[in-house]
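Secondary and tertiary structure notes
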Amino acid sequence: MSSQTQTYQRFPIARRIEHIIMAVSFGMLGLTGLPQKFPTLGISIFITNIFGNVEILRLVHHISATIMMLGIVWHLLVANYKIFVTKEPMTMLPVIKDAIDGIQVFLFNLGIGKKFPQMGRFNFEEKLEYWAFVWGAAVMGLTGFMMWNPLMILKILPGEVIPAAKVAHGGEAILAVAAIIIWHMYSVHIRKFNKSMFTGKLDERDMLHEHPLELADLKAGLAGPRVTNPIELRKRKTIYFPIASIFAVIMLGAIYGFVNGENTALTTRPPASNPIPVYFPQTPTPMPTKVPLVSEGPLNWESYAGPLFQEKCTSCHGSLALGGLSLETYANAMLGGNHGPVIVPSNSGESNLVVIQSKVHMGQLTPEELDNIIKWIDDGAPEK
Amino acid sequence: MSDLQTSTKEHHPSIMIVIIGLILVGATIGITQPVTAVQEFSPGNNTGGDDSICLDCHNKPGLTKDLANGEVLLLTIDEQHFSESVHFNEGVSCTDCHQDISGFPHPEFAARSLRDASLLLFTACQKCHTDEYNKTLDSMHQKQLSGGNPNAAICTDCHNPHTQERLTDPVSGNLLPEARLLIPQTCARCHNAIFIAYKSSVHGAALSLLDDQNVPTCITCHGVHNIQDPTTNAFRTNSPQLCADCHTNPEIMSQYNISTEVLNTYVADFHGTTITLFEETDSDQPSNKPVCYDCHGVHDIKKTNDPVYGLAMKENLLVRCQTCHPDATDNFPGAWMSHYIPSPTEYPLVYYINLFYKFLIPTVLGGMGIYVLADFIHRMVVRIKGVPHK
């Protein structure tokens, strides 16, 4: 009975935190990356709206990528410590047995195979996931770097590698997100919610089901760090820590270079170098100069008064003869209208034409024209 | 991957034409109204809507009025042009617009300058062309005008009421072919520098030299009457759709052997993706990513194979790239696929990586799916049969 409640530590707290950092940064990368791959989908627009706009979306994507890169550096430091200092068995390395296990489980599930394999600390499902992540991180890191720093890359490589990197980044993203949903979600959330990544513990029953070989090793005292004498351990540490520190500094520098390697583009579009003026009116057609109605000549009916009246007055005082007055011919003009003569030769003051034109009247004569008419009348209003 | 074939919303290429058509149908209705309304507008017995009485004086050449600022207002109406105008032909008479004039002497004319004169008179258009007039109230020109810029265009700057000929087909309401040609010339009265640039562009040259009815005129992009400010972020962000209205229309593009994939390939690219997401979220945000006209030119759009300016020449493209990427080097323009869809001959690396993932993704996911499904079914069977697992 007590063995049922016996629990075994599967993940120390540092690994659990590492998992959360990876899970969050991976989730954010997918969430902020896929809308950029499918910008016209409604869901992409919805997600972009949550972040505010695509530039913020991209900033979150970059921050998440940076966090993941830092997480990977930390993971490498820890892994190397275990490999070189505490010399723990490399339980994550794939071996032939994993392939056999996979086939056996599959055949067992199909009802063909009879044998369900016994597996160790990390079964083939977990190893597949881990190494898929390694592959994915390498592809995404490399292609992400190329897109983040195209100027740097294109000093060496042809331009085509940038869209190629973008295609690979997008393809790998779909693969990674879908694999997480199919593989990871199924095996640790749907099939059976395995809480060990959060609690750090697995009870004996689950250990027996999923990691029987590790359980056997634990019981036999064969699992975990190999017992080393403290002097040897200290010696390894004094070698490892300086090397690890240098490695860490180089990696941090590389991440800094990754993030701040270049200023690819100006953040604000520069104004046009030779802007075309918006308001640039055409030169207006010059006003037609007023043609003098009457050429220079003697002031008589034929060359001055007649043409002037024809131009200005005969619309009404022509064939219409409004008020009985027609200025069409010299004779009719001298006859006057219903109220008597309008032109009194040699007496412009008595001439009604001058009186009326001195006030406002249609076909208004200009002051100059009126002066000429006064002069003409005062000269006796000659016909020729 | 599908990002190279990502299709955007289907756009109705003819939407602009339909809108303009509707506007013009409205205009036609507006124009034809006064025919029956002449009596109503006629101010008095002096004219009775008879233009010949006005023209008795106003047909005289050189009839002018000196204005307070020294400018000279020409009062002569060119009878020849007037008789060809749509107003004359639709029976609109002088006093329908010049309503304050009912005889001689005319009332005092308050205009102190030529511009004053236009500004005093143009509101008369509102009476018959109500829809168009109201649209102008929402325009860039009206904003400038109410902002104190007297030079901003009003109705009569584009449509001289004494000479304006018919622009639309009275039945269909469509823009007449000859009217199309007049549009850039009309805008040129104030925007002559832009007109000069347009005239030398691929669009402008086709219109003026070949009388090509497909190419855009000013109003195709800027609209008519309610012309909006084209310098806003929103106009810029939405502008690719404007170009796409024609450039994704196979009927038009097939005549010029131009690809209709220009929008899709733009959207699939980093720049287009950004602009598209801006457009779909908040189009009024500023963006440093280029739209069509940042590379191809605004009014001076040239053919990509233009021997001098063509973007097909990498050197020319690099200059455009360097506008925003000042540190760009020779290889940089190659990062933009020039609207090509990757193929074994164009951008083969992109094509083959795309192909690789086309196989890798279904293979990996399919394999995982089959394994997971087998596991799931087995568990279901065990649960139903009640056989304890393992």
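All residue numbers refer to position in the chain's written sequence, counted from 1. For this description, chains carry letters from A and ligands carry numbers from 1, given in the order in which they are written. Per-residue local features are limited, in this predicted model, to residues with pLDDT of at least 70; the limit for side-chain atom pairs, both in listing and counting, is 80 or more; totals at the level of whole chains, interfaces and linings are taken over all residues.

**A few points about the overall build of chain A**
The test is simple: Only DSSP runs of H or I reaching four residues or more are called helices, and only runs of E reaching two or more are called strands; each is numbered from the N terminus. This radius of gyration counts C-alpha atoms alone. The globule rule is 2.2 Å times how many residues there are, raised to the power 0.38. To sort residues by burial, count the other C-beta atoms lying within 10 Å of each one's C-beta; a count of 20 or more means buried, 12 or fewer means exposed, and anything in between means partly exposed. C-beta atoms are built from the backbone. Here, residue contact means that the backbone-derived C-beta atoms of the two residues sit within 7 Å.
Assigned secondary structure in chain A consists of 16 helices and two strands. Taken over the C-alpha trace, chain A has a radius of gyration of 51 Å; the compact-globule value for 384 residues is 21 Å, which it surpasses by more than 25%. Along the longest, intermediate and shortest principal axes, the C-alpha atoms of chain A span 150 × 50 × 35 Å. Across the 384 residues that make up chain A, the buried fraction comes to 24%. Partitioning the intrachain contacts of chain A with sequence separation of at least 6 by distance along the chain shows that 63% fall at a separation of at least 24.

**Focus on the overall build of chain B**
Counting its secondary structure elements, chain B contains 20 helices and two strands. A buried classification covers 29% of the 390 residues belonging to chain B. Long-range contacts, defined here as pairs at least 24 residues apart, represent 61% of the contacts in chain B between residues at least 6 apart.

**Let's talk about the interface of chain A and chain B**
Between chain A and chain B, the contact holds 62 residues from the first and 67 residues from the second. Listed by contribution, the elements that provide at least two residues to the side of chain A that touches chain B are α2 (13–37), α3 (42–51), α5 (96–110), α7 (150–153) and α8 (161–190) of chain A. Considering each element in turn, the side of chain A that touches chain B owes the most residues, 15 residues, to α8 of chain A.

**What about helix α12 (residues 202–210) of chain B?**
Residues and elements named next belong to chain B. As a reminder, the rule being used: Here the arc refers to the directions that run from the helix axis out to each C-beta atom.
Listed as buried for α12 are His203, Gly204 and Leu207. One side of α12 carries all its buried residues, which in axial view fall inside an arc of 95°. Turned more than 90 degrees away from the buried face of α12, the exposed residues are Leu209 and Leu210. Asp211 sits one or two residues past α12 and shows a positive phi near 55°.

**Some remarks on the domain arrangement of chain A**
Keep this limit in mind: Boundary definitions for the domains trace back to an automatic or database domain assignment.
Domain annotation of chain A identifies domain 1 (2–260) and domain 2 (301–378). Computed from C-alpha coordinates alone, the two centres of domain 1 of chain A and domain 2 of chain A are separated by 109 Å.

**Notes on unusual backbone geometry**
As a rule of thumb, non-glycine residues mostly have phi less than zero, and peptide bonds are mostly trans rather than cis. Residue and element names in this part refer to chain B. At Asp211, a residue that is not glycine, the phi angle is positive and equals roughly 55°. Considering the arrangement of structural elements, one finds Asp211 in the loop between α12 and α13 (218–222). One non-glycine residue, Asn257, lies in positive phi territory at about 60°. Along the chain, Asn257 turns up in the loop between α15 (250–253) and α16 (262–268). For Asn257, a count of 6 C-beta atoms within 10 Å gives the class exposed.

**Some remarks on the environment of Gly297 of chain B**
All names here are of chain B. Summarising the element assignment, Gly297 is placed in the loop between α18 (292–296) and α19 (314–324). C-alpha separation for the pair Gly297 and Glu261, spaced 36 residues apart in sequence, amounts to 19 Å. Leaving out residues up to four positions away in the same chain, Gly297 has contacts with Ser201 and Lys302.

**Some thoughts on the confidence of the model for chain B**
Residues and elements named next belong to chain B. Worth spelling out the cut-off: What pLDDT conveys is the predictor's confidence in a given residue, as a value from 0 to 100.
Residue-level pLDDT values for chain B average 85, and 86% of them are 70 or greater. Mean pLDDT values over the elements of chain B span from 44, in helix α1 (residues 15–41), up to 96, in α15. Within the model, the stretch residues 1–11 combines pLDDT values under 50 with 28 contacts to residues more than four positions away or in other chains. pLDDT under 50 marks residues 26–48. Its contacts with residues more than four places away, or in other chains, come to 49 contacts. In the predicted assembly, ipTM is 0.79 and pTM is 0.80.

**What about the nonpolar core?**
Stated formally: Defined on buried residues, the nonpolar core groups Ala, Val, Leu, Ile, Met, Phe, Trp, Tyr and Cys residues joined through C-beta atoms within 7 Å.
Met146, Val161, Ile162, Ala164 and Ala165 of chain A together with Val350 and Ile353 of chain B are the most contacted members of the largest nonpolar core, which has 23 residues in total. Taken together, the elements giving at least two residues each to this core come down to α6 (124–148) and α8 of chain A together with α19 and α20 (348–385) of chain B. At six residues, α8 of chain A tops the list of elements feeding residues into this core. Ranked by size, the runner-up nonpolar core spans 17 residues in total, among them Tyr304, Cys316, Val342 and Val354 of chain A.

**Let's talk about helix α16 (residues 367–378) of chain A**
All names here are of chain A. Counted only if it meets this: Working rule for helices: expected span equals 1.5 Å times residues minus one.
For α16, built from twelve residues, the straight-helix expectation of 16 Å at 1.5 Å per residue is met to within 8% by its first-to-last C-alpha distance of 16 Å. Among all positions of α16, only Ile373, Trp376 and Ile377 are buried. One side of α16 holds all its buried residues, which, seen down the axis, span an arc of 95°. Counted as exposed and oriented over 90 degrees from the buried face of α16: Pro367, Glu368, Asp371 and Lys375.

**Points about the packing of helix α14 (residues 233–247) of chain B against helix α17 (residues 270–281) of chain B**
All names here are of chain B. Convention followed: Inter-axis angles, ranging from 0 to 180 degrees, are taken between N-to-C directions of lines fitted to C-alpha atoms, where helices are fitted over the stretch in contact. To sort the angles, those under 35 degrees are grouped as roughly parallel, those over 145 as roughly antiparallel, those from 65 to 115 as roughly perpendicular, and the leftovers as oblique. Each residue receives one of three labels: charged for Asp, Glu, Lys and Arg, nonpolar for Ala, Val, Leu, Ile, Met, Phe, Trp, Tyr, Cys and Pro, and polar for the others, Gly being one of them.
Where α14 contacts α17, the two axes come as close as 9 Å, and the packing angle between them is 110°. Judged by the angle between their axes, α14 and α17 are roughly perpendicular. Two secondary-structure elements touch here, α14 through Thr237, Asn238 and Pro240 and α17 through Ile275, Phe278 and Glu279. When its residues are assigned to classes, the contact of α14 with α17 shows three nonpolar, two polar and one charged.

**Comments concerning the environment of Leu31 of chain A**
Locating Leu31 of chain A in the fold gives a position in helix α2. Leu31 of chain A gets classed as partly exposed once you count the C-beta atoms within 10 Å, which come to 17.

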